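Observations on the three-dimensional arrangement
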Amino acid sequence: MVAKTKEKIGYLLTHGFLIFTCLLTFIPIWWVLLTAFDKRVSLVSTEFMILPKNPTFDNFVEVLSHPKFLMWLKNSFIFAGGTTLFALTLATLSAYAYSRFDFPGKKAGLASYVIYMMLPTTAALVPQLLIIKYLGIKNSYFSLILIWSAANMAFAVWNLKGYFDTIPKSIEEAAIIDGASRFQIFTMIMLPLARPALAITAIFIFTAPWTDYATSYLFLTDGSKFTLAQGLFGWAADFKTVSWGVFCAGSIIMALPLTILYLVFQKYIIGGLTVGGVKG
Amino acid sequence: MKKWREEVKSLSIKILHEEKQMPPLLEKTSLIQRIKKNKVAYFYVLPALVVVFTVSLFPIAYGIGLSFFNLNLYTMGSGRVKFVGLKNYVKALGSLDAEFFAVLMRTFIWTVVNVFFHVVLGLIIALALNRPKLKWKGIYRTFIILPWAVPQFVTALVWKMMYHEQFGFFNQFLKLLGLPPVQWLTNGKIAFIAVIIVNIWLGFPFMTMVATGALQSISREYYEAADMDGASPWQKFRYITLPLLKPAMLPAAILGTIWTFTNFNVIYMITGGGPAKATEIVSTYQFNVLTRQNAYSMAATYSVIVSIILIIITLINMKVTKALHAEEVD
């Protein structure tokens, strides 16, 4: 009897602890939602609230009809989407070859990716800035897509190669005997089989330009090319013209796609990260 | 097409099994022959390599070279750029008073404190979540993983607003309780603690997930055997749980160390390195030196120093994971 009550108290405490932790953890998220859905007369409020006083979608409407916000949204999509497509294409091709062929220079190539991954992300920033200034291609979509693609290439190649390595070679050998070309094998067999890895890698690559501030700040001086990150940062700093409600609504729009993706794919992502880490 | 794919899949499982039993094929060919034979491979790998080399690796090499010169906005304009050898490095690390040195030390403190709390909190929560027959696990998990799932950029800005002295959530809550407001971001020491709190909030979910995965793979049998031997909960934790958690937690902790050390967004978004450089860590310091002072060579120097530190950490990581694998084999 004593043992059973002890167990019950144990469970109560555990639930209590977890509920407490969840509440604390949720506070910032709660605040964003609260502020975004609240209609305010002034830009900021000195009142303390738990639930919105005047629930409304107004802030979202204001954000989505704000021409600048839409422009930032468009730019972020171009940068993030462009980088994902470009980097993923190049990385998949490379990963396939590193996984399936043994050729002179293979080890050197892989090693240079490993070395690159060991360096901080800002290692190339200063010289890149100087070079781009020199070449005068500062505010172009393509140059930034190149920079972000290069930054994520090593991770993508390693991740995909690791996955390709787990697919048995024999399928392709059977296809070769049947007369299929290497490229056909690549596109019709390998890629479909590697879909999970492609999805996870794509999510990672997409995250970088979508949420990056430093690189966009350094390389974009043309306001029409600014990203969501730059735009929202400006809004956050300046509550004299942009209300916090609007900022929060904008933040939610910026964060929502990625949040949903990360929630849905969490097991794979974390699995991929730790396995990759172990493989070194 | 679909049927063919399914046939291929089942065939692959069968062949994979057989492949393991086939002997390897040995062939000796010259270098040129091997290059010719694998011509196709080069087409596949070159595009990515070209991009990475020109866009990243070449600039990095250029950056290393830059760190030995005295390039900044002034010397560039007046044509007085010259080779200065290790002067920049001496300037950065030479004396204990050197600003960069202080920033570097702060970065270490930032990293150690954060990772410690990440791992400890992550572990405690994972242990709580792992209790058998616990209801509402899924709901708890979803809440707990939110700081990780929402992009760091957004949450950093949100925390910045909550820390606002007059209109921020925290001070308004304190006002409600009749307590004085806290200078979250305007007092140097408090600001440092404030950003650490944010980073802990951001980082513990990852550790919780890793720990949960690891805990779930520990067989119940070990605990049952220990129960039969009359082991206390502490003993069970110390001799079963902890050792079996190591292979997963250690690499995760090292990954977390690298991420925390190089973290830029959190501090930059919230304090920008201030007030009065009180929260500068290496990543933000370098960025500020670059953008505010246009001191290109110094920024490059900092990059190199950080790179060396990270390479050391990564090498430690590799050694640790190799050692863990060796242990596992036993």
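Residues numbered from 1 in each chain as written. Chains lettered and ligands numbered in written order. Predicted model: local features only at pLDDT ≥ 70, side-chain atom pairs only at ≥ 80, totals over all residues. Heavy atoms only, no water.

Notes on a positive patch on the surface
Definition in use: Put simply, a patch holds well-exposed residues, over 30% relative accessible area, that have no salt bridge, with like charges counted together within 9 Å and Val, Leu, Ile, Met, Phe, Trp or Tyr side chains within 5 Å. Per-residue and other accessible areas follow the Shrake-Rupley method at a 1.4 Å probe size, with only the shown protein chains counted as cover for residues. Between Lys or Arg on one side and Asp or Glu on the other, a salt bridge is scored when a side-chain nitrogen of the former is within 4 Å of a carboxyl oxygen of the latter. None of His or the chain ends enter the tally, which takes Lys and Arg as positive and Asp and Glu as negative. To locate a charge, take atom NZ for lysine, CZ for arginine, CG for aspartate or CD for glutamate. Helix and strand definitions follow DSSP, with helices as H or I runs of at least four residues and strands as E runs of at least two, each counted in order from the N terminus.
On the surface, Arg80, Lys82, Lys87 and Lys91 of chain B cluster together to form a positively charged patch. Tracing the sequence through the fold places arginine 80 of chain B in the loop between helix H4 (73-78) and helix H5 (87-93).

Here we look at the interface of chain B and chain A
Formally: Pairs of residues are marked as contacts when any of their non-hydrogen atoms sit within 4.5 Å. By buried area we mean the combined loss of accessible area, with a 1.4 Å probe, across both parts when two parts are placed together. Under the grouping applied here, Gly and all other residues not named as nonpolar or charged are polar, the nonpolar ones being Ala, Val, Leu, Ile, Met, Phe, Trp, Tyr, Cys and Pro and the charged ones Asp, Glu, Lys and Arg.
In this complex, chain B contributes 99 residues to the contact, which on the side of chain A involves 95 residues. At the boundary of chain B with chain A, total buried surface from both sides reaches about 9000 Å², with 80% on carbon and sulfur atoms. Taken as a group, Tyr44, Met161 and Phe167 of chain B account for 9% of the area that chain B buries against chain A, more than any other trio of residues on that side. Looking at the side of chain B that touches chain A, the element that brings in the most residues is helix H3 (residues 39-66) of chain B, giving 19 residues. Among the residues forming the side of chain B that touches chain A, the class breakdown is 73 nonpolar, 18 polar and 8 charged.

Quick look at the side chain of threonine 111 of chain B
Residues and elements named next belong to chain B. What counts is decided by this rule: Note on classification: 1.4 Å probe, protein chains only; a residue is buried when its accessible area is under 20% of the maximum for its type, exposed when over 50%, partly exposed between these limits.
Looking at the secondary structure, you find threonine 111 in helix H6 (residues 99-129). In this structure threonine 111 comes out as buried when scored by relative accessible area, which is 5%. With residues near it in sequence (within four places) discarded, threonine 111 still touches Thr257, Thr260 and Phe261.

Looking at the UniProt feature "domain: ABC transmembrane type-1" (unreviewed entry) in chain B
How we decide: UniProt positions are given in the numbering used here, feature names are shortened, and annotations may be inferred rather than shown by experiment.
Taking the UniProt record as the reference, the feature "domain: ABC transmembrane type-1" (unreviewed entry) is found at residues 104-317 of chain B. The annotated region residues 104-317 of chain B carries 77% helix and 0% strand content, and the separation between its end C-alpha atoms amounts to 21 Å.

Observations regarding empty space enclosed by the protein
To keep it simple, the criterion reads: Any residue with an atom within 4 Å of a point lines the site, the site being either a cavity, points on a 1 Å grid over the protein atoms alone where a 1.4 Å probe fits but cannot get out, or a pocket, an open set with protein on both sides within 12 Å along at least 5 of 7 lines. Grid points are joined across faces, edges and corners, and a volume is the space filled by probe spheres set on the points.
One pass over the structure, following the stated rule, counts 2 cavities of 30 Å³ or more. Estimated volume of the second largest cavity: approximately 40 Å³. In this structure, the second largest cavity is lined by Thr122, Leu125 and Val126 of chain A together with Ser283, Gln286, Phe287 and Leu290 of chain B. For the lining of the second largest cavity, the element with the most residues is helix H14 (residues 282-293) of chain B, which contributes 4 residues. Residues of the lining of the second largest cavity, tallied by class, amount to 4 nonpolar, 3 polar and no charged.

Remarks on the UniProt feature "transmembrane region" (unreviewed entry) in chain B
Residues and elements named next belong to chain B. With numbering matched to this structure, UniProt assigns "transmembrane region" (unreviewed entry) to residues 41-64, 108-130, 142-162, 190-215, 248-270 and 295-316. As a span, residues 41-64 carries 100% helix and 0% strand, and end to end its C-alpha atoms are 31 Å apart. Secondary structure content for residues 108-130 is 96% helix and 0% strand, while the C-alpha to C-alpha distance between its ends is 32 Å.

A look at the packing of aromatic side chains
The geometry of an aromatic ring pair is captured by the separation of the ring centres together with the interplanar angle, meaning the angle of the planes. To keep it simple, the criterion reads: Note on ring pairs: Phe, Tyr and Trp rings are taken, using the six-membered ring of Trp, and paired if centres are within 6.5 Å. Classes follow the plane angle, with under 30 degrees stacked, over 60 edge-to-face and the rest tilted.
Tallied over the full model, the rule gives 54 aromatic pairs over all chains. Here the aromatic rings of tyrosine 96 of chain A and phenylalanine 186 of chain A are separated by 5.0 Å at their centres, their planes lie at 50 degrees, and the arrangement is tilted. Of this pair, tyrosine 96 of chain A sits in helix H3 (residues 67-100) while phenylalanine 186 of chain A sits in helix H8 (residues 182-193), and the two are 90 residues apart along the sequence. A relative accessible area of 0% means that tyrosine 96 of chain A is categorised as buried. The interplanar angle of 40 degrees and the centroid separation of 6.5 Å between the aromatic rings of phenylalanine 68 of chain B and phenylalanine 83 of chain B together place this pair among those described as tilted. With phenylalanine 68 of chain B in the loop between H3 and H4 and phenylalanine 83 of chain B in the loop between H4 and H5, this residue pair connects regions lying 15 residues apart in the sequence. The exposure class assigned to phenylalanine 68 of chain B is partly exposed, which follows from its relative accessible area of 27%.

Comments concerning the nonpolar core
The cut-off we apply is this: By nonpolar core is meant a set of buried Ala, Val, Leu, Ile, Met, Phe, Trp, Tyr and Cys residues that side-chain atoms within 4.5 Å join together. Domain boundaries shown here were taken from an automatic or database domain assignment.
The biggest cluster of nonpolar side chains holds 179 residues, and the ones touching the most others in it are Trp31 of chain A together with Phe153 and Ile270 of chain B. If one sorts the elements of this core by residue count, helix H10 (residues 188-216) of chain B sits on top with 15 residues. Domain assignment of the residues forming this core places at least three in each of domain 1 (2-56) and domain 2 (67-270) of chain A. In this view, phenylalanine 153 of chain B contacts Thr211, Tyr213, Ala229, Leu232, Phe233 and Met254 of chain A together with Asn265 and Met269 of chain B; residues no more than four positions away in its chain are not counted. Counting residues in hydrophobic clusters, the runner-up holds 10 residues, among them Ile125, Ala128, Leu134 and Ile144 of chain B.

A look at the packing of H6 of chain B against H10 of chain B
All names here are of chain B. Convention followed: A fitted line through C-alpha atoms represents every axis, and for helices the fit uses only the stretch in contact; the resulting angles, taken between N-to-C directions, go from 0 to 180 degrees. Working definition: roughly parallel below 35 degrees, roughly antiparallel above 145 degrees, roughly perpendicular at 65 to 115 degrees, and oblique for all remaining angles. The sense of a crossing depends on the near helix, which, turned anticlockwise from the far helix by less than a right angle, makes the crossing left-handed and, turned clockwise, makes it right-handed.
It is at 6 Å that the axes of H6 and H10 come closest, and there the two elements cross at 45 degrees. By the angle between their axes, H6 is oblique relative to H10. Crossing handedness for the pair H6 and H10: right-handed. Of the residues belonging to the contact of H6 with H10, the class tally is 19 nonpolar, 7 polar and 1 charged.

Focus: the environment of tyrosine 11 of chain A
Structurally, the position occupied by tyrosine 11 of chain A is in helix H1 (residues 2-36). For tyrosine 11 of chain A, a relative accessible area of 16% gives the class buried. Apart from residues lying up to four places away in sequence, tyrosine 11 of chain A is in contact with Arg131, Pro132, Lys133 and Leu134 of chain B.

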